Amino acid sequence: MKRRNFRENNQPLVMIIPMIDIMLFLLVFFMLSTIYMVQTNNFQVTLPQSETKQQQENPPNVIKVTVMANGEIMFEDEKVQKNQLAQKIFKTLSADNETFFVLLGDKMTRYEQVVNVLEIMKKSGIRHISIATEVKQ
């Protein structure tokens, strides 16, 4: 019968290959899960294309104002009239003055309609306005 030597001090082995596999699995898992966490619109808007691409961090409070092809205005997912838009903006800004607003205009929308909505947004005292476009491929 063989006896163990308890005075012998073996160093534990660190298996690096299984750790790399687990880290890659977690990376893929979180990348796929964030795709479904992104807020999407429930209505179809075809954005105009632009060659320049400006990437910015996602601020915590982003409000989307959409001008549809038929001229309807959507504040987030709610259909509003032009006179109601200013009230909604004032209400949102009273809760958080640093709210970011993104203006989405369908490319088939008349330019005048988008400019009218942008003018309402500026008059309402918005400090942060962005216009959404798609990057040309």
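Structure: see above.
Along every chain, residues carry numbers that run from 1 in the direction the sequence is written. Two thresholds apply to this predicted model, a pLDDT of at least 70 for residue-level local features and 80 or more for giving and counting side-chain atom pairs, whereas whole-chain, interface and lining totals are computed over all residues. Hydrogen atoms and water are omitted, and side-chain values are computed over all heavy atoms in the structure.

Only runs of H or I of at least four residues qualify as helices and only runs of E of at least two qualify as strands under DSSP, and these elements are numbered from the N terminus. To estimate the expected span of a helix, count its residues, drop one, and scale the result by 1.5 Å. With 13 residues, helix α3 (residues 111-123) should cover 18 Å at 1.5 Å per step; its first-to-last C-alpha distance of 18 Å lies within 8% of that length. Here's how the labels work: a residue is buried when its accessible area is under 20% of the maximum for its type, exposed when over 50%, partly exposed in between, all with a 1.4 Å probe on protein chains only. Restricting attention to buried positions, one finds in α3 the residues Q113, V114, V117, L118, I120 and M121. Within α3, the buried residues cover an arc of 155° as seen down the axis, which keeps them to one side. Exposed residues on α3 whose side chains face more than 90 degrees from its buried face are Y111, K122 and K123. The inward-facing, buried residues of α3 contact β2 (62-67), β3 (73-75), α2 (82-95), β5 (100-105) and β6 (128-131). Backbone geometry just downstream of α3 places G125 in the positive-phi region, at approximately 95°. The arc in question is formed by the directions pointing from the helix axis toward the C-beta atoms. By the convention used here, residues are in contact when the closest approach between their heavy atoms is within 4.5 Å.

What follows covers the packing of aromatic side chains. Aromatic contacts are taken between Phe, Tyr and Trp rings whose centres are within 6.5 Å, Trp giving its six-membered ring; a plane angle under 30 degrees counts as stacked, one over 60 as edge-to-face, and the others as tilted. Under the criterion given, the structure shown has one aromatic pair. When the ring of F29 is compared with that of F30, the centres are 5.4 Å apart and the planes differ by 70°; the resulting orientation is edge-to-face.

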